[in-house]
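# Analysis of the macromolecular model
The lines below spell out each chain.
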Amino acid sequence: MFARSDGEDACLMEEALPMVSTVRRVPAALAIAVLLGGARLLPAQNADADEVRRVIKAETDTYYQRDAEGWKRTWVQDSSAIRTFITSGSYSVAVGWDRFGPSTIESIKRSALQAVRVDRTNYVLRIDGALAWAEYDERTDTPGDSIPLVARQQRTLIKRDGEWRILSAGSF
């Protein structure tokens, strides 16, 4: 029901509404979906995707190898960097390199070398120019520990001076 200008209530019936034909829109939408769904990465995008994955792997590898300088090189080192951890009962967010970078480097330097096996699966990777976003499952097995660490990881990377660096990391 709606109010007419003369104050009377009127009921709008379905047949009174103009019918918009969607028949012509369906083939166009289908063609767009097929074109986008079949898109392949160009060679430059493949190289960027490989480099993004390499930087993500290097961040983890250098951490467990206790290579503080190598770990540091994987990160953007300014106030825009963000690190987030979310667990079943809490979360931690550090905004700005100075809030987590130096303390992580000191922790790496103080800790003993740790032998681990890290597997990454279910990658979702998007790259648009100098910005990359990746999300993946990560399983970390430590010898002697029967329970692996399993987490969903997220990384946002930016390309500065031709080099990909981690801008934001999240572990869920």
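The sections below set out a description of the structure shown in this document.

Cut-offs and rules
- Residues numbered from 1 in each chain as written.
- Predicted model: local features only at pLDDT ≥ 70, side-chain atom pairs only at ≥ 80, totals over all residues.
- Heavy atoms only, no water.
- Core = buried A, V, L, I, M, F, W, Y, C linked by side-chain atoms within 4.5 Å.
- Buried < 20%, exposed > 50% of the residue type's maximum accessible area, 1.4 Å probe, protein only.
- Helix = DSSP H or I, 4+ residues; strand = E, 2+ residues; numbered from the N terminus.
- Patch = residues over 30% accessible without salt bridge, like charges linked within 9 Å, V, L, I, M, F, W, Y side chains within 5 Å.
- Areas by Shrake-Rupley, 256 points an atom, 1.4 Å probe, with all protein chains shown as cover.
- Salt bridge = Lys/Arg side-chain N within 4 Å of Asp/Glu carboxyl O.
- Pairing = 2+ DSSP bridges.
- Contact = heavy atoms within 4.5 Å.
- Phe/Tyr/Trp six-rings, centres within 6.5 Å; stacked < 30°, edge-to-face > 60°.
- Lys NZ or Arg CZ within 6 Å of the ring centre and 35° of its normal.
- Expected span 1.5 Å × (residues − 1).
- Arc of directions from axis to C-beta.

## Let's talk about the nonpolar core
With 21 residues, the main nonpolar core has Val52, Trp71, Trp75, Trp97, Phe100 and Leu157 as its most contacted residues. Where this core is concerned, the elements lending two or more residues are α2 (43-64), α3 (68-73), α4 (97-110), β6 (131-141) and β8 (163-171).

## Describing a nonpolar patch on the surface
A contiguous nonpolar patch, built from Ile86, Tyr91, Val93, Val95 and Phe172 and spanning about 500 Å² of accessible area, is present on the exposed surface. Among the elements that take part in the nonpolar patch, strand β4 (residues 91-95) stands out by supplying 3 residues, more than any other.

## Thoughts on the pairing of strand β7 (residues 149-160)
In terms of strand pairing, β6 meets β7 through 10 bridges, oriented antiparallel. Residue aspartate 137 lies in a different strand from β7, and its bridge partner there is arginine 152. Strand direction decides the pairing type here: β7 and β8, joined by 8 bridges, are antiparallel. Pairing of leucine 157 across the sheet is with isoleucine 166, part of β8. Adjacent in sequence and paired antiparallel, β7 and β8 are bridged by 2 residues, among which aspartate 161 carries a positive phi angle near 50 degrees.

## A look at the environment of proline 143
Relative to the assigned elements, proline 143 resides in the loop between β6 and β7. Judged by relative accessible area, proline 143 falls into the exposed class, the value being 62%. Put simply, proline 143 and glutamine 114 are 29 residues apart on the chain and 9.3 Å apart in space, counted from C-alpha to C-alpha. Residues in contact with proline 143, not counting those within four places in the same chain, are Ala115 and Val116.

## A short note on the pairing of β8
Here is the key point about a regular strand: its side chains alternate between the two faces of the sheet. Most of β8 sits out of view: 7 of its 9 residues are buried. As paired elements, strand β3 (residues 82-86) and β8 share 4 bridges and run parallel to each other. Along β8, the bridge assignment pairs isoleucine 82 with serine 168.

## Describing the packing of aromatic side chains
Enumeration over the complete set of coordinates arrives at 7 aromatic pairs. Look at tyrosine 63 and tyrosine 64: their rings are 5.3 Å apart centre to centre, the planes differ by 85 degrees, and that puts the pair in the edge-to-face class. Relative accessible area serves as the criterion here: at 28%, tyrosine 63 is assigned to the partly exposed category. Taking 6.4 Å as the distance between ring centres and 45 degrees as the angle between the ring planes, the aromatic pair formed by tryptophan 75 and tryptophan 97 counts as tilted. Taken together, the residues tryptophan 75 in the loop between α3 and β3 and tryptophan 97 in helix α4 connect sequence positions 22 residues apart. For the pair tryptophan 75 and tryptophan 97, one class covers both residues: buried. Ring pairs connect the aromatic residues Trp71, Trp75, Trp97 and Phe100, which therefore count as one cluster. One residue, arginine 53, lies across the ring of tyrosine 123, its end atom 4.7 Å from the ring centre. Across the ring face of tyrosine 63, the terminal group of arginine 66 is positioned such that the distance to the ring centre comes to 4.9 Å.

## Structural notes on α4
Helix length check: α4 (14 residues) gives 19 Å between terminal C-alpha atoms against 20 Å at 1.5 Å per residue, within 8%. Considered for burial, the residues of α4 that qualify are Trp97, Phe100, Gly101, Thr104, Ile105 and Ile108. What you see down the axis of α4 is that its buried residues fit within an arc of 130 degrees, all on one side. Of the exposed residues in α4, those oriented more than 90 degrees away from the buried face are Asp98, Arg99 and Arg110.

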